[in-house]
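Coordinate analysis (summary)
One letter stands for each residue in the lines below.
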Amino acid sequence: MNQQKPSDPTLKLRGALPLAPAPERCPAPVPERLGHFIGGEVVPGRDESLFTSYEPATGEPLCQVAAADAEEVDRAVTAARSAFDRVWGGMPGAERGKYLYRIARRIQERSRELAVLESRDNGKPIRETRDVDLPLVAAHFFYYAGWADKLDYAIPGQRVRPVGVAGQIIPWNFPLLMAAWKLAPALATGNTVVLKPAETTPLTAMMLAEILAEAELPPGVVNIVNGAGATGAALVDHPGVDKIAFTGSTEVGRIITRATAGSGKRLTMELGGKGANIVFADAALDQAVEGVIDGIFFNQGQVCCAGSRLLIEEGIAAAFLDRLKRRIETLRIGDPLDKNTDVGALNSVEQLQRVQRYIEIGRRQGAAVWQGSACPTPEQGYFVAPTLLTGVQQTDTVVREEIFGPVLSVLTFRTPDEAIRKANDTEYGLAASVWTEKASKLFEVAHALNSGVVWANGANLFDPASPFGGMRHSGFGREGGIAGLWPYLEIQ
Amino acid sequence: MSARLTIDKTLKLYVGGKFIRSESGRTMPIEDEDHRAVNVARGSRKDLREAIRIARAATGPWAGRTAYNRGQILYRLAEMLEGRLPSLSPGAEAAIDRVVHHAGWSDKIAAVLSALNPVSTTYVNYARMRPLGVVCAAPDPADGLLGLVEAAAANAVMGNATVLLIDARSATAAAELAEALATSDFPGGVINVLTGELAELLHHAADHDDVDGLYLAHGATASLQGELEAAGARVLRRMLVVPGAARPATPIQLQKLAEVQTVWVSAYEPQGGAPGY
């Protein structure tokens, strides 16, 4: 079996590998100051609203960003409404689609630049922005471009029309990808948009604005307002907004749901998660180890669908943990712009402190804390080494609450039933993974999980053709696939 | 000739396949079509809680039946209603036909709403419909029996267990449905009927954390919708507002009574066989 014999040599990777840096060299200039993109024009925003955005890998200031107030949000919504009424809402689908194809191509052409900018702004490794985020961003525009002239087939037996003006509020963990997830289906279905990027990651959205202008997208079809919670609230409360699409925390999702109750505004909510990663004894264990790593350390665990609860079948738990630890000790943590880096920086000092606080809570509640990586954790910047918490219980805070960091809580189970019960014992229901080579067990468990997405022998997989979204407190509505069109369409 | 003294019937709640009185012991008087006073059990918060608990327990077994079997059970309900047609309120034919309509969806709706998604990797990816779970439904009293069966059948066909919240003024139709249900093959708890003060029952339902969805007929609940949405924010509750029961739920409305669950299944054989053996 997989039990390591005591005589096996222990791998000591830290310091053993010469880790020569391979920095990404594509230049991506960072503007000194970011404003807003309203009615097709870049506007500087108000001087008094400026705040500083920091580079997560260094903790140094990156740029100044203006925050939009209610008046600026109003101008953006007015521009969106006028674009909806005058050009976009009534434009033939095939023409709308051509704009989206253009945007997709343009993103592909400038993808390296965008990837570098994203890694600097967000802190995630260039390997991820280059190989995951950016290809998916372009793919989302390509996918929904093709839907624009086929909306008669989007809802069985119904004629449809766009909802109108969509207010879209996106998070900092996948800044440009979330913009693409929101914009592509909204635009394909004929809606116009006011997009609010997260306050800590405004850079790529503003470069996207440049791309939209280059693609000659009619002014006002997409407007971008920067800012934090107050800007978001102004957008949510604006009476001219017909629909709110939000990705972020469950807490803010509740606030938005309350704020819009009775207003007739349509909502989609893509909120938090506490995903289970269920590993059965009959799984392909090496693949499962890779999956667990991808599940929790991808984007430093700052992923709503992260597999942050590892459930291992009891009989293989010790051996599996050994394998997992050995693999974690090969992960390189450090400069996001180094192409070798596996684990980058957390997005902000607040997030860093939040994750550290949770590790401390775990420790206080009796968890054993284990951290590993192939190289020392950088002292500057917002870094947390990959962390395992063992000896935890179903009721522990670190098992129940979303940590949003590279922290994996490890639990065990004996039977498929127990695995299902433990996996479902959460108020969330976004994503989960199941690892087994036995097909009947795989389908039975996958279908029994209260989870909007289930990866069977996989983790953290995304595709524009695949609907993504949660059950229970993880939100409602789907992004991706044909189901991703539904929230942006009204029945005629 | 002295008229025969008729037997009055108190209209009871129907929960878990049983006719029960309200735990509160309270009733509400209404007038039936012949302007005779009828007492209707007034469902309390505790009755609702119990109904939700029983409905929750019924969800797994109900959703676990084959779609064909659920369709058969729905059709059997239509047979039971038809047999009682002479005693049903006027217009009940439409309600019976509606049950037949939804019975037919049972093993077909998944084919209309599900998708096989061509993802750019070696995975089989499908989006399937998964029941919401427990739904509290408030049909429009103006729709009578038709409104009740529309709400109950649409939910049943999607695999949900339903607690129908009925204003006591529509208790006659509620009793007609409950009595047909009791003689149908519906397992207890899949469709439950609570009568009482509608706004009161709806507020209790909205405050209950174990209700997955609220199904609201616009006519019954328009004035309460804002409050109910706000209360639902705590649990991100699904809300389906339907205009009424004049038309059967469309596929996209039925979709809203289910969750889209996306499943990725690796179609890739690990090289060199699975190393974990």
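Residues numbered from 1 in each chain as written. Chains lettered and ligands numbered in written order. Predicted model: local features only at pLDDT ≥ 70, side-chain atom pairs only at ≥ 80, totals over all residues. Heavy atoms only, no water.

So, on to unusual backbone geometry. All names here are of chain A. In this structure, Asn299 is a non-glycine residue whose phi angle is positive, near 55 degrees. Secondary-structure assignment places Asn299 in the loop between helix H9 (285–297) and strand S13 (309–313). Relative accessible area serves as the criterion here: at 0%, Asn299 is assigned to the buried category. The backbone of Asn460 shows a phi angle near 50 degrees, a positive value even though the residue is not glycine. (Helix = DSSP H or I, 4+ residues; strand = E, 2+ residues; numbered from the N terminus. Buried < 20%, exposed > 50% of the residue type's maximum accessible area, 1.4 Å probe, protein only.)

All names here are of chain A. Along the polypeptide, Asn223 turns up in strand S9 (residues 222–224). Asn223 gets classed as buried once you look at its relative accessible area, which sits at 0%. Reaching out from Asn223, the side chain makes a polar contact with the backbone oxygen of Gly220 at a distance of 2.8 Å. Filtering out sequence-adjacent residues up to four positions away, Asn223 remains in contact with Phe37, Ile38, Gly39, Ala76, Ala79, Ala80, Val193, Val194 and Leu195. (Polar contact = N/O pair within 3.5 Å; in protein donor to acceptor, adjacent residues only side chain to side chain. Contact = heavy atoms within 4.5 Å.)

Moving on to the interface of chain B and chain A. Taken together, the contact pairs 38 residues of chain B with 53 residues of chain A. Across the chain B/chain A interface, buried area totals approximately 3,600 Å², and carbon plus sulfur atoms make up 59% of it. The interface formed by chain B and chain A holds one salt bridge in total. A salt bridge links Glu259 of chain B to Arg478 of chain A, with the nearest nitrogen and oxygen atoms 3.6 Å apart. Applying the counting rule to chain B against chain A returns 24 residue pairs in polar contact (both at pLDDT 80 or more). Mapped onto the side of chain B that touches chain A, the elements with two or more residues apiece are helix H4 (109–113), strand S6 (123–131), helix H9 (225–232), helix H10 (251–255) and strand S12 (258–266) of chain B. With eight residues, the top contributor of residues to the side of chain B that touches chain A is S12 of chain B. Each residue belonging to the side of chain B that touches chain A can be placed in one class, and the counts come to 21 nonpolar, ten polar and seven charged. Looking at chain direction, strand S18 (residues 453–456) of chain A and S12 of chain B are connected through four bridges and run parallel. When the bridges of S12 of chain B are listed, Trp455 of chain A appears paired with Trp264 of chain B. (Buried area = accessible area lost by both parts, 1.4 Å probe. Salt bridge = Lys/Arg side-chain N within 4 Å of Asp/Glu carboxyl O. Nonpolar A, V, L, I, M, F, W, Y, C, P; charged D, E, K, R; others polar. Pairing = 2+ DSSP bridges.)

Residue and element names in this part refer to chain A. Here the domain parsing of chain A yields domain 1 (33–271 + 471–491) and domain 2 (276–456). Just the C-alpha atoms count here: the centres of domain 1 and domain 2 sit 30 Å apart. Taken together, the contact between domain 1 and domain 2 spans 34 residues of the former and 33 residues of the latter. Between domain 1 and domain 2 lies a buried interface of about 2,700 Å² when both sides are counted; carbon and sulfur atoms form 55% of it. Looking at the side of domain 1 facing domain 2, the largest losses of area belong to Trp172, Met471 and Arg472, adding up to 19% of the total buried there. Our count for the contact surface shared by domain 1 and domain 2 stands at two salt bridges. Across the domain 1-domain 2 interface, the total number found is 17 residue pairs in polar contact (both at pLDDT 80 or more). (Domains from an automatic or database assignment.)

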